[in-house]
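Survey of secondary and tertiary structure
As a plain string of letters, each chain reads:
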Amino acid sequence: MTMPNLITIDNGERVRHSFSDAEYANRIRKLRAMMAQRSVDTVIFTSYHNINYYSDFLYCSFGRYYGLAVTHDKSTVIAANIDGAQPWRKGVADDMLTYTDWQRGNYFRAVQSCIPNKGRVGLEFDHLPVDRLAMLKTSLPNVEFVDIGA
């Protein structure tokens, strides 16, 4: 039997966010305006700072990768299964996607499921190890990656 690569976990009670939903919506609105100004189709945040700032989810990596994918229409927290439903309970995003450890590369499968394999994708180059950038380039070969770290 093959175990799933990606799962959705939405159990437990949601907690009060650090700021109002209107504040998070305003942050995403400003981000999308910057994306439009710079012709960026999607942003994938990987730092604790920006994932928390835009989604109110603060992760502890335990050696796993995390992300927040933001398109002009949707925001998705990408989290490891080790967190259970923490992103769903604590996060502010349109979608919460959990990847499993049952197969190698599931983080990159999660990224592929969140964004189209085309256009310009903004990344935090100052927070992205070279090997992970190489895997993103392999996973999304038709994408132009640009630095949005500043």
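Residues numbered from 1 in each chain as written. Predicted model: local features only at pLDDT ≥ 70, side-chain atom pairs only at ≥ 80, totals over all residues. Heavy atoms only, no water.

**Remarks on helix α2 (residues 48–55)**
Going by this rule: Only protein chains enter the accessibility calculation, which uses a 1.4 Å probe; a residue whose area is less than 20% of its type maximum is buried, one above 50% is exposed, and one in between is partly exposed. A helix here means a DSSP run of H or I that spans at least four residues, while a strand means a run of E at least two residues long, and both kinds are numbered starting from the N terminus. The directions considered for the arc run from the helix axis to the C-beta atoms. Note on contacts: a residue pair is in contact if any heavy atoms of the two residues lie within 4.5 Å.
Looking only at α2, the buried set comprises Ile51, Tyr54 and Ser55. Seen along its axis, α2 keeps its buried residues to an arc of 80°; they face one direction. Looking at the buried side of α2, the elements it contacts are α1 (21–37), β2 (42–45), β3 (67–71), β4 (75–80) and α3 (86–90).

**Considering the packing of aromatic side chains**
Pairs of aromatic rings are described using the distance from one ring centre to the other and the angle between the two planes. To keep it simple, the criterion reads: By convention, a stacked pair of Phe, Tyr or Trp rings (six-membered ring in the case of Trp) has centres within 6.5 Å and planes under 30 degrees apart, an edge-to-face pair has planes over 60 apart, and any other such pair is tilted. Two thresholds decide whether a charge sits over a ring: the Lys NZ or Arg CZ must be within 6 Å of the ring centre and within 35 degrees of the ring normal.
The final tally for this structure, using the stated rule, is 10 aromatic pairs. Taking the centre distance of 6.3 Å and the plane angle of 40° together, the rings of Phe57 and Tyr66 count as tilted. On the basis of relative accessibility, which here comes to 2%, the residue Phe57 falls in the buried class. Judged by its relative accessible area of 1%, Tyr66 falls in the buried class. Through a chain of ring-to-ring contacts, the aromatic side chains of Tyr48, Phe57, Tyr59 and Tyr66 assemble into a single cluster. One Lys or Arg, Arg27, reaches over the ring of Tyr24 and ends 5.1 Å from the middle of that ring. Here the guanidinium or amino end of Arg132 rests over the ring plane of Tyr65, the centre of that ring lying 3.9 Å away.

**Remarks on the pairing of strand β5 (residues 95–99)**
The criterion, for reference: Pairing between two strands is assigned when DSSP locates at least 2 bridges connecting them.
In terms of burial, β5 is a largely internal element, 4 of the 5 residues being buried. Where β4 and β5 come together, 5 bridges link them in parallel fashion. Bridging from a neighbouring strand, Val77 pairs with Met96 of β5.

**Quick notes on the environment of Ser20**
Take Ser20: it is sitting in the loop between β1 (6–7) and α1. The class for Ser20 is partly exposed, based on a relative accessible area of 44%. Measuring from C-alpha to C-alpha, the distance between Ser20 and Val92 comes to 9.9 Å, with 72 residues separating the pair along the chain.

**Let's talk about the packing of helix α4 (residues 106–114) against helix α5 (residues 130–139)**
Filter applied, for reference: Whenever a helix is involved, its axis is fitted only over the stretch in contact; in every case the axis is a line through C-alpha atoms, and angles between N-to-C directions fall within 0 to 180 degrees. An angle below 35 degrees is read as roughly parallel, one above 145 as roughly antiparallel, one from 65 to 115 as roughly perpendicular, and any other as oblique. Rotating anticlockwise by less than a right angle from the far helix to the near helix defines a left-handed crossing, while the corresponding clockwise rotation defines a right-handed one. Residue polarity follows a fixed list, in which Ala, Val, Leu, Ile, Met, Phe, Trp, Tyr, Cys and Pro are nonpolar, Asp, Glu, Lys and Arg are charged, and the others, Gly among them, are polar.
Contact geometry for α4 and α5: axes closest at 10 Å, N-to-C directions at 50°. By the criterion of interaxial angle, the relationship of α4 to α5 is oblique. Crossing of α4 against α5: the hand is right-handed. Residues Tyr107, Phe108, Val111 and Gln112 of α4 lie in contact with α5, whose contacting residues are Arg132, Met135, Leu136 and Ser139. In the contact of α4 with α5, the residues fall into 5 nonpolar, 2 polar and 1 charged.

**Side note on the confidence of the model for the chain**
Predicted coordinates in regions of low pLDDT should not be interpreted in detail. Applied cut-off: Each residue carries a pLDDT score, the predictor's confidence in it, ranging from 0 to 100.
When pLDDT is averaged across the chain, the result is 90; 96% of the residues are at 70 or more. Within the chain, strand β6 (residues 120–123) carries the highest mean pLDDT (98), whereas β1 carries the lowest (70).

**Description of α1**
Counted only if it meets this: By this rule, a helix spans an expected 1.5 Å times one less than how many residues it contains.
The end-to-end C-alpha separation of α1 is 24 Å, in line with the 24 Å expected for 17 residues at 1.5 Å each. Here α1 has its buried residues at Tyr24, Arg27, Ile28, Leu31, Arg32, Met34 and Met35. Seen from one end, α1 has its buried residues packed into an arc of 160°, which puts them on one side. Across from the buried face of α1, at angles greater than 90 degrees, the exposed residues are Ala22, Lys30 and Gln37. In the segment just after α1, Ser39 is the residue with positive phi, at about 55°.

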